[in-house]
Amino acid sequence: MIRLNLIHHYLNIIEDLFTEKYSHSRLKIEVSSDIRGTAEIDLKHGIMRINPNSDNLVGSVLHELVHLIKSETPDKYNILSDLTIEALKESKNVSYNELFNEYADRYREVNPNYSDEDIIEEIVADRAYQMIRNFFVFDVAGGLKVDTRRLMT
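Residues numbered from 1 in each chain as written. Predicted model: local features only at pLDDT ≥ 70, side-chain atom pairs only at ≥ 80, totals over all residues. Heavy atoms only, no water.

Novice: Tell me about the overall build of the protein, and name the residues and values.
Specialist: Counting secondary structure elements, the protein contains six helices and five strands. For the protein, buried positions account for 40% of its 153 residues. Sequence separation of 24 or more characterises 48% of the internal contacts of the protein that already satisfy a separation of 6 or more. Accessible area for the protein stands at about 9,400 Å²; split by element, carbon and sulfur atoms hold 50% of it. (Helix = DSSP H or I, 4+ residues; strand = E, 2+ residues; numbered from the N terminus. Buried < 20%, exposed > 50% of the residue type's maximum accessible area, 1.4 Å probe, protein only. Contact = heavy atoms within 4.5 Å. Areas by Shrake-Rupley, 256 points an atom, 1.4 Å probe, with all protein chains shown as cover.)

And the structure:
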């Protein structure tokens, strides 16, 4: 049930974000191979830059959208973060500290200055794509569909 709530909440946040915050001045997406990594977001100017050489463009965009969600709708981000962490703890059968430490080591190798809050944000951002990938399938005839078999596992 946590997984279904998480997916529902995430998709509602994305919809609200674009109707409430960016209905008049849309988020601009630029393609650039001059960026470090696969994607980045400039929250001040509302620009997401995507590296066309990324192996996973959809995952990169969803990751960056979580950073935008946190910046623009912190209350909704907090719910998303709590649901994501709970779902991860449940799926891995670990405590919060065990989960946090597993990810903290990896993220601090990339950036030793990451705060605990930064690490949680990266966990939530990384899980966004995995969550969507795991529960949705693309049907050529009908577009994006929920894979209900995966919701129940």
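Novice: Can you explain the pairing of strand β2 (residues 39-42)? Please cite residues and give values.
Specialist: Here four bridges tie β2 to strand β3 (residues 47-50), and the two strands are oriented antiparallel to one another. By the bridge assignment for β3, Glu40 is matched with Arg49. Remark: four residues form the turn of the hairpin made by β2 and β3, two consecutive strands paired antiparallel; Gly46 in that turn has positive phi of roughly 65°. (Pairing = 2+ DSSP bridges.)

Novice: Got a sec to walk through the sheet that holds β3? Specific residues and values, please.
Specialist: In any sheet, the strands associate via hydrogen bonds between backbone groups, in a parallel or an antiparallel arrangement. Spatially, the three strands line up as an open sheet ordered β1-β3-β2, and their pairing is mixed. Looking at strand neighbours, the two that pair on one side only are β1 (28-31) and β2, the edges of this open sheet. Geometrically, the sheet is characterised by an average inter-axis angle of 20° between neighbouring strands, direction not taken into account. Most of the contacts of helix α2 (residues 57-72) go to β2, to which it runs at about 25°, and overall it touches β2 and β3. (Axes fitted to C-alpha atoms, helices over the stretch in contact; angles between N-to-C directions.)

Novice: Any chance you could break down helix α4 (residues 96-110) for me, citing the residues and the numbers?
Specialist: Taking 1.5 Å of rise per residue, the 15 residues of α4 would be expected to cover 21 Å, and the 22 Å separating its terminal C-alpha atoms lies within 8% of that figure. Among all positions of α4, only Leu99, Phe100, Tyr103, Ala104 and Tyr107 are buried. (Expected span 1.5 Å × (residues − 1).)

Novice: Go over the packing of α2 against helix α3 (residues 74-92), please, and point to the residues and values.
Specialist: Two numbers describe a pair of packed helices, the interaxial angle and the distance between the axes. Relative orientation of the contacting elements α2 and α3 amounts to 130°, with a least axis distance of 5 Å. On the basis of the axis angle, α2 is oblique to α3. Between α2, through Val66, Ile69, Lys70, Ser71 and Glu72, and α3, the contact on the second element is made entirely by Pro74, Tyr77 and Leu80. Within the contact of α2 with α3, the residues separate by chemical class into five nonpolar, one polar and two charged. (Parallel < 35°, antiparallel > 145°, perpendicular 65-115°, else oblique. Nonpolar A, V, L, I, M, F, W, Y, C, P; charged D, E, K, R; others polar.)

Novice: Kindly report on the environment of Arg36, identifying the contributing residues and their values.
Specialist: Along the chain, the position of Arg36 falls in the loop between β1 and β2. For Arg36, a relative accessible area of 77% corresponds to the exposed category. It is 9.8 Å that separates the C-alpha atoms of Arg36 and Ile50, two residues lying 14 residues apart in sequence.

Novice: I'd like to hear about the pattern of salt bridges, residue by residue, with values.
Specialist: All told, the structure shown has seven salt bridges when counted by the stated rule. Note that Glu121 and Lys70 form a salt bridge whose closest N and O atoms lie 3.0 Å from each other. Note that Glu121 is positioned in helix α5 (residues 116-135) and Lys70 in helix α2, a separation of 51 residues in sequence. Lys70 carries the same exposure label as Glu121, and that label is buried. Across the pair Lys89 and Glu86 runs a salt bridge, and its minimum N-O distance is 3.0 Å. Separated by three residues within a single helix, Lys89 and Glu86 lie in helix α3, roughly one turn from each other. (Salt bridge = Lys/Arg side-chain N within 4 Å of Asp/Glu carboxyl O.)

The values reported here are purely geometric and, on their own, carry no functional implication.
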